[in-house]
Structures are given as structure tokens and as C-alpha cells.
Amino acid sequence: MERLHLTLRTLLLLCVVYNVYTYNITDEDQLHKDLFTNYNNELRAGNDRDFPLNVSMTFYLMAIKEFVEATSKFSVNSVFIITWRDERLSWNPAMYQNIQKTMVSQNKIWLPTMVTSNPFEEAQGLGSDLVKVFLYSDGSCVWVIMQSFEVICDANVKYYPFDKQFCSIRFGTYSFDSNWLNITFPNSDINLIYYEENGLWEIEDTLAFSTVDRGAAEIIFGIYLKRRSTYYIASLLVPMTFVAVLQSFVFLLPNESGERIGFSVTMLLASVVFLTLIQEKLPESSEPSVSILGYLLLGYISLGGVVTLVVIISSNLYIETKPVPKWLQHLCCERQTDSDGSELYSIKDVPPAQREDGFKEQCELCWKKIGMKFDRFCFVMSIILYVVQVIIFIAIVRD
């Protein structure tokens, strides 16, 4: 008895499988002929013309190909799944050996055509002649499109390289107004299940919605991006700051070495090279704002120029032979004395008979002491100014 029941269940399963999979190419060819006889792909789908056709869209982001801030070029690889219902393409599966679905070329049926409304170069529509559309027996149409898009995305580089950007891919149904199509989204964001992480950009959030612009529906897929700043910190910010701060150490070089001015000018030129590198990466515009990093580097270069001028002035102090003025003696807490230890304020105060050969050497020694104190003061002040610039920059970009 158990064997009989097992045999009956097996036969039943075979009958089900036979009924599902017994159609052949002839049956499917006949289905296509019947479906497209008198079919006009110029007419919008939907029997009830008083109501708009519901079109569901799902956007799968596959990868971010590139984002060039200098040219505002944003390109992605993506997959669209668009579904709608066309009653003219429905059939009774029992009449065609239980065929539940089939595929046709996209140019054979009516499609909810859309074109990019913010293209980088030329506007492009969805799909191609190589794309097939899935048709189901109830008239449902599923259009799966894998395509690359290049759009314009104006970058705001104010906080570069700690900036965040918002880029959108926009499509317009300019052939149909909102009374003809009703665009819906299963989810209010972009599907990232197949997304491959980008090395420079991190996706913080996404959105998907549609609006009506002058009667036509506009579909917007937005992406909130955050730059991965580790690379820029290690390869740009740290070396740039190190070169700038290194310029302050010119005040610690002995004046007798004769390398102070050459060292200062070399460091200043290195900062100019960093400014050139940054300008190549940023867009050539002043709107919506200029990069704060550019201002930081401009501050480095300006302070470097001041340091170079101060070094030239400081070098002259070491070779000065005139008596030190009274105001400078009080300012630097230095006093000139003669061989007896009495204070000398000016060479005019010394009688001609008492002007010894050692007086000139005493003046030179005093000027050297003043130069050394002046160098130490400038070194400390330049370090403080560089640190203040860095703190202000970090406070602004992290705000």
C-alpha cells in the first residue's frame, strides 16, 4: 500500500513537471505572433486612459567610476529594474503549454522612455538594442537595464579634503506628463546590495524620489558622499605642514654658515609647489566657495615670505659695527661697556682720546647677542603662527 502511494505521488509530480516544462520553441513563437499581431508600440500601455500608468522603478548602484571635481564629472555603473503592466501583452498560459513568461527586444513594445536631464556631455536614454524585456502572462513587463551614466555634479570643495558632496542622477519623462505616468519607488533610497566600495568616496546616504517639472515627471536619485581623507592627510597635509614649519628652523642656523637665505628660499619654493598640486585637483571657480586648504597654503607661503625677509634683516644685525641705540639696548636688555666696565650708549658719548680699538669689537659682540635674541624670538613666533593656522583650519573643517 505504501508503495502504491509513493508511486502515485511520483506520477503526480511528473505530471506537474510535464505540464510546466513541456512547451517548445514552436509554442513560444506562436505566442509572440499572437501577442504582436496588431500591437502598436506607439500607444501608451494601460486600458484606462483616464488614469496614469503606474511605473515602478528600482535603482541599483554598482560602482562609482570616477568623480572629477575639477570638471564636475560624476560617472557610475548602475542597474535599473522598471516594471509596469500592459494588458495587451497578457495571455492565457493554458493555451500555450503553460508558458508563464517570455522575453522580447525592447524596441518591440511600448516603453516608459526617459533621458538624463543633467548629462555631462550628451543626453542618453535608458536601455539599448541588446536589452530584453521580460513579459509575464498577466501583462507585467520587467525591464532590466545595466548602464553607465556620466552626469554633472558641481563639487563644493570648501572643506577639501574633509568635504562632503551631494550628487544626483536625474531623468526626465519629457514624452509623457504626470497625467500619463505615475512613477513610484518600492524604497525611498538607492539599493546598495551589489555596490562595490570606492577607494576615495564613502556613501553616507541615498534617496530616490520624483517631482513634476513643467508637467513632466523628473526622477532623481541622490547620493551623499564623504571623502576618505586618510590618503590626503598622509600625502598632502602632513608633508605640506612639515615643509612650512621647517622654514622656521632657519633662525637656528648659524649666520656664519651662509646658508640661511638659501634654505629659506628653498622651503618657500617647496610650498609653492604644493600650491600648484592642489590647484590641479580643485575646480577653477570661486562658487560656491574656495577651498579653505588653499587659504591655509596661502598663509604658509605668506608667512614663509615674511620669514625670508626677516632672515635678511637678521643677517645684517650680525655684521653691524655701529653702537647700539639706547632704545634697542633697553628693548633687548643689552648694555655696551668699555674696558673699565662703565656703560656706553653711543659713540658720541666717548671722548676721542678714549676711543680704543676694542670698542669696535665690543659693538660687534653686542650686535651678535641682539641678533641671537632676535632669531630666538622670531623662531618662537613663527612656530606659534604656524600652529595657530593649523588649529584654525582643523576647527573650520571639523565644524
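For the structure itself, consult the block above.
Residues numbered from 1 in each chain as written. Predicted model: local features only at pLDDT ≥ 70, side-chain atom pairs only at ≥ 80, totals over all residues. Heavy atoms only, no water.

Visitor: Would you take a moment to explain the overall build of the chain for this structure?
Guide: What the chain contains, in helices and strands, is 7 helices and 12 strands. Relative to its 399 residues, the chain shows a buried fraction of 40%. Long-range contacts, defined as pairs at least 24 residues apart, comprise 74% of the intrachain contacts of the chain with a sequence gap of at least 6. (Helix = DSSP H or I, 4+ residues; strand = E, 2+ residues; numbered from the N terminus. Buried < 20%, exposed > 50% of the residue type's maximum accessible area, 1.4 Å probe, protein only. Contact = heavy atoms within 4.5 Å.)

Visitor: Looking at this structure, I do not really get the nonpolar core. What am I missing?
Guide: The tendency in soluble globular proteins is for nonpolar side chains to be buried side by side. Ranked by size, the top nonpolar core spans 76 residues in total, and within it Phe74, Phe80, Trp84, Ile109 and Leu135 carry the most contacts. Setting aside chain neighbours within four positions, we find Phe80 in contact with Met57, Thr58, Phe59, Leu126, Trp143, Val144, Ile145, Phe149, Phe171 and Phe221. Counting 7 residues, the second-largest nonpolar core is a separate cluster that includes Phe251, Val307, Val311 and Phe379. (Core = buried A, V, L, I, M, F, W, Y, C linked by side-chain atoms within 4.5 Å.)

Visitor: Looking at this structure, how should I read the packing of aromatic side chains?
Guide: Aromatic rings considered in pairs are described by the distance between their centres and by the relative angle of their planes. By the definition in use, this model includes 20 aromatic pairs. Ring centres 5.2 Å apart and planes at 80 degrees place the aromatic pair Phe149 and Phe171 in the edge-to-face group. Taken together, the residues span a long stretch of sequence, with Phe149 in strand β6 (residues 140–152) and Phe171 in strand β7 (residues 164–177) at a distance of 22 residues. Exposure remark for Phe171: the relative accessible area of 0% places this residue in the buried category. (Phe/Tyr/Trp six-rings, centres within 6.5 Å; stacked < 30°, edge-to-face > 60°.)

Visitor: Is there a simple way to think about the packing of helix α3 (residues 230–246) against helix α5 (residues 292–317) in this case?
Guide: Axis angle and axis distance: for two packed helices, these are the angle between their axes and the distance between the axes, and together they describe the pair. In contact at an axis separation of 10 Å, α3 and α5 are set at 20 degrees when each is read in the N-to-C sense. Considered as vectors, α3 and α5 are oriented roughly parallel to each other. α5 is crossed by α3, and the crossing has left-handed handedness. Here Leu236, Leu237, Met240, Thr241 and Ala244 of α3 come into contact with α5, specifically with Leu293, Leu296, Leu297 and Tyr300. (Axes fitted to C-alpha atoms, helices over the stretch in contact; angles between N-to-C directions. Parallel < 35°, antiparallel > 145°, perpendicular 65-115°, else oblique. Left-handed = near helix turned anticlockwise from the far one by under 90°.)

Visitor: Looking at this model, I keep getting lost on the sheet that holds strand β4 (residues 115–116). Mind explaining?
Guide: Think of a sheet as strands paired side by side through backbone hydrogen bonds, with each pair either parallel or antiparallel. If you walk across this open sheet you meet the 4 strands as β4-β7-β10-β9, and the pairing is antiparallel. Strands with a single pairing partner mark the edges of an open sheet, and in this sheet they are β4 and β9 (201–213). Inspection of the sheet shows β9 paired to strand β10 (residues 216–227) by 12 bridges, in the antiparallel sense. What sits directly across from Phe209, in β10, is Ile220. (Pairing = 2+ DSSP bridges.)

Visitor: When you look at the environment of Glu204 in this model, what are you seeing that I'm missing?
Guide: You can see Glu204 is positioned in strand β9. For the pair Glu204 and Phe166, spaced 38 residues apart in sequence, the C-alpha to C-alpha distance is 10.0 Å. Excluding residues within four positions of it along the chain, Glu204 makes contact with Lys164, Tyr224 and Lys226.

Visitor: What should I look at first to understand the sheet that holds strand β8 (residues 181–184) in this one?
Guide: Reading across the sheet, the 6 strands line up as β3-β5-β6-β2-β1-β8 and stay open at both edges, with mixed pairing between neighbours. Two strands lie at the open edges of the sheet, namely β3 (101–105) and β8, each paired on one side alone. Here the average twist between neighbouring strands, direction ignored, is 30 degrees. Pairing geometry for β3 and strand β5 (residues 132–136), over 5 bridges, is antiparallel. Bridge assignment links Lys101 to a residue of β5, and that residue is Tyr136. Relative to the sheet, helix α2 (residues 25–36) contacts β3 and β5, its axis offset from that of β3 by approximately 65 degrees.

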